[in-house]
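Descriptive structure summary
Okay, here's what each chain looks like letter by letter:
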Amino acid sequence: MLRLGVIVLLLSGFFDAAMAESAIERGDYLVNTIMACGNCHSPRDANGRTIADKALSGGLTFNTPAFVATASNITPDPETGIGSWTDAEIKRALIEGVRPDHRHLSGVPLAAIMPANFYKALLPEDLDAIVAYLRSVKPVRNEIADPVYKTPIHRDPYPDAESGFNKSMFKEPVGRGAYLVTIGHCMECHSAWSRGVSDFRTGLGRGGRSFAEAGLGGVTAANITSDRTAGIGTWSDQEIVRAITQGIARDGRILKPPMGYPFYAGLKQSDLADILAYLRTVPPLQ
Ligand code: HEC
Ligand code: HEC
């Protein structure tokens, strides 16, 4: 009996290990789909497509009234990337937006374009997975210009990231979707915005933020609340998924960057279903 029990235990352990995603695979999935780090951090070719073999080696320059900052080289290159940082230092940059003390830009908060106020929500195992993946990518030597900060760094607290997530909230699709929408910082672009401050409390999902930085032209983020006229309340599930993953609006119009449609194209169907479940719960706003 005992021996049979041990065999069953060993076998179930084996199957768990075979089924489970490794930390690097999980990190790869998060970085390259919902979190779209490369949308900011990867260099682009003349057609605006991210260059795969230079992935994550430094990307867009954001020229705003508050700062001029280029998305850093986050490959493991020890001199121009983050190869010499400890795991704790990388995690701190991600969830607090603060650089390590040993760099020449000692302890300085990163420009608020780096969505640390959203990444604060990351579960510890997802944070570990992201670090494991970043350590596994090809080191690319690419020196990035130092940022210039003109006003003190201000990060708008995101309510769902402040309250945090735990596994018990993942029993329902809406809870899982809220987590994905948080770490995907969807509402950073899609909430009401004025003079550099996001209004997540009374303008969640209402849209209206315009993007002129990084040569993105005059595109304005849409209202993605459940409002039936101003928002996406009457869009079908398929229409919303097509907008997110293919960048095609309900009326067939091609949607413009900076939303990272090609990244979201890699999302699992189950994750897209959870995102939809959450979006359906966003209170209507005109
Ligand atoms: C919306 C654009 C944007 C996204 C998305 C983004 N970042 Fe950043 N990130 C930046 C910018 C810009 C900086 C540099 C800010 C500065 O210099 O003040 C930065 C800085 C960093 C740094 C500090 C590196 C250094 O050398 O100082 C790390 C680490 C980092 N990002 C990792 C990530 C990871 C991992 C992801 C995805 C999970 C991510 N970022 C997503 C824009 C972004
Ligand atoms: C970096 C900013 C940014 C992020 C992050 C972002 N979006 Fe968008 N999104 C936009 C902009 C801008 C548009 C409008 C593009 C246009 O009109 O050409 C848009 C359009 C959309 C649309 C189409 C709505 C319509 O009426 O046309 C949907 C749906 C949408 N986003 C959902 C999401 C979801 C869900 C996420 C997170 C997974 C997300 N967005 C992340 C900027 C962003």
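The model shown is predicted, which means the values in this text are computed figures rather than measured ones.

**Here we look at helix H2 (residues 23–32)**
- Those residues of H2 lying buried are Arg 26, Gly 27, Tyr 29, Leu 30 and Val 31.
- Where the residues of H2 are buried, they touch helix H3 (37–41), helix H6 (124–136), helix H8 (173–183) and helix H12 (269–279).

**Quick look at H6**
- When the terminal C-alpha atoms of H6 are compared, their 19 Å separation across 13 residues agrees well with the 18 Å that a helix rising 1.5 Å per residue should span.
- Considered for burial, the residues of H6 that qualify are Asp 126, Leu 127, Ala 129, Ile 130, Val 131, Tyr 133 and Leu 134.

**Structural notes on the packing of aromatic side chains**
- One pass over the full model with this rule turns up 6 aromatic pairs.
- Ring geometry for Phe 118 and Tyr 158: centres 4.6 Å apart, planes at 35°, overall tilted. Of this pair, Phe 118 sits in helix H5 (residues 116–119) while Tyr 158 sits in the loop between strand S3 (148–149) and helix H7 (159–163), placing them 40 residues apart in sequence.
- With a relative accessible area of 0%, Phe 118 lands in the buried category.
- According to the relative accessible area criterion, Tyr 158 is buried, its value standing at 2%.
- Ring geometry for Phe 165 versus Tyr 179: centroids 5.3 Å apart, planes at 70°, classification edge-to-face. Highlighted residues: Phe 165 in the loop between H7 and H8 and Tyr 179 in helix H8, separated in sequence by 14 residues.

**Section: the sheet that holds strand S2 (residues 67–70)**
- Spatial ordering of the open sheet is given by S1-S2-S3, a layout of 3 strands whose pairing is antiparallel. Both outer strands of the open sheet, strand S1 (61–63) and S3, are each paired with one neighbouring strand and no more.
- With 3 bridges joining them, S1 and S2 adopt antiparallel strand pairing. Considered in S2, the bridge of Asn 63 is made with Val 68.

**Overview of the pairing of S2**
- In this antiparallel pair of consecutive strands, S1 and S2, the connection spans 3 residues.
- Relative to S3, S2 is paired through 2 bridges, and the arrangement is antiparallel. In the sheet register, Phe 67 faces S3, and the bridge partner there is Tyr 149.

**What to know about the coordination of the iron atom of ligand 2**
- At this site the iron atom of ligand 2 is bound by His 190 (NE2) and Met 259 (SD), with donor distances of 2.0 to 2.1 Å.
- Taken together, the 6 donor atoms coordinating the iron atom of ligand 2 and their angles of 87 to 180° define a geometry best described as octahedral. Separated by 69 residues along the polypeptide, His 190 in helix H9 (residues 186–190) and Met 259 in the loop between helix H10 (237–246) and helix H11 (261–264) bring together distant segments of the chain.
- For Met 259, a relative accessible area of 26% puts it in the partly exposed group.

**Thoughts on the domain arrangement of the protein**
- Here the domain parsing of the protein yields domain 1 (21–155) and domain 2 (157–286).
- Inter-centroid distance (C-alpha atoms) of domain 1 to domain 2 is 22 Å.
- On the side of domain 2, 31 residues touch domain 1, which itself brings 30 residues to the contact.
- Between domain 1 and domain 2, roughly 2,500 Å² of surface is buried when both sides are summed, and carbon and sulfur atoms account for 63% of that area.
- On the domain 1 side of the contact with domain 2, Tyr 29, Ile 34 and Phe 118 bury the most area, a combined 29% of that side's loss.
- The salt bridge partner of Glu 21 is Lys 268, with a shortest N-O separation of 3.8 Å.
- Across the contact surface, domain 1 and domain 2 share 7 residue pairs in polar contact (both at pLDDT 80 or more).
- Breaking the side of domain 1 that touches domain 2 down by element, the ones donating at least two residues are H2, H3, S1, H5 and H6.
- For the side of domain 1 that touches domain 2, the residue count by class is 15 nonpolar, 10 polar and 5 charged.

**Points about the site of ligand 2**
- Near ligand 2 lie 22 residues; those nearest to it are Cys 186, Cys 189, His 190, Lys 256 and Met 259.
- Contacts to ligand 2 include Lys 256, whose backbone N or O atom sits 2.8 Å from an oxygen atom.
- Those elements giving two or more residues to the shell around ligand 2 turn out to be H9, strand S7 (219–220), H10 and H11.
- Ranked by residue count, the leading element in the shell around ligand 2 is H9, at 3 residues.
- Tallied by class, residues from the shell around ligand 2 come to 17 nonpolar, 3 polar and 2 charged.

Conventions and cut-offs
- Residues numbered from 1 in each chain as written.
- Chains lettered and ligands numbered in written order.
- Predicted model: local features only at pLDDT ≥ 70, side-chain atom pairs only at ≥ 80, totals over all residues.
- Heavy atoms only, no water.
- Buried < 20%, exposed > 50% of the residue type's maximum accessible area, 1.4 Å probe, protein only.
- Helix = DSSP H or I, 4+ residues; strand = E, 2+ residues; numbered from the N terminus.
- Contact = heavy atoms within 4.5 Å.
- Expected span 1.5 Å × (residues − 1).
- Phe/Tyr/Trp six-rings, centres within 6.5 Å; stacked < 30°, edge-to-face > 60°.
- Pairing = 2+ DSSP bridges.
- Donors = N, O, S within 2.8 Å, 3.2 Å for Na, K, Ca; no water.
- Tetrahedral: all angles 85-135°; square planar, octahedral: opposite > 155°, others 65-115°.
- Domains from an automatic or database assignment.
- Buried area = accessible area lost by both parts, 1.4 Å probe.
- Salt bridge = Lys/Arg side-chain N within 4 Å of Asp/Glu carboxyl O.
- Polar contact = N/O pair within 3.5 Å; in protein donor to acceptor, adjacent residues only side chain to side chain.
- Nonpolar A, V, L, I, M, F, W, Y, C, P; charged D, E, K, R; others polar.
- Near = heavy atom within 4 Å.

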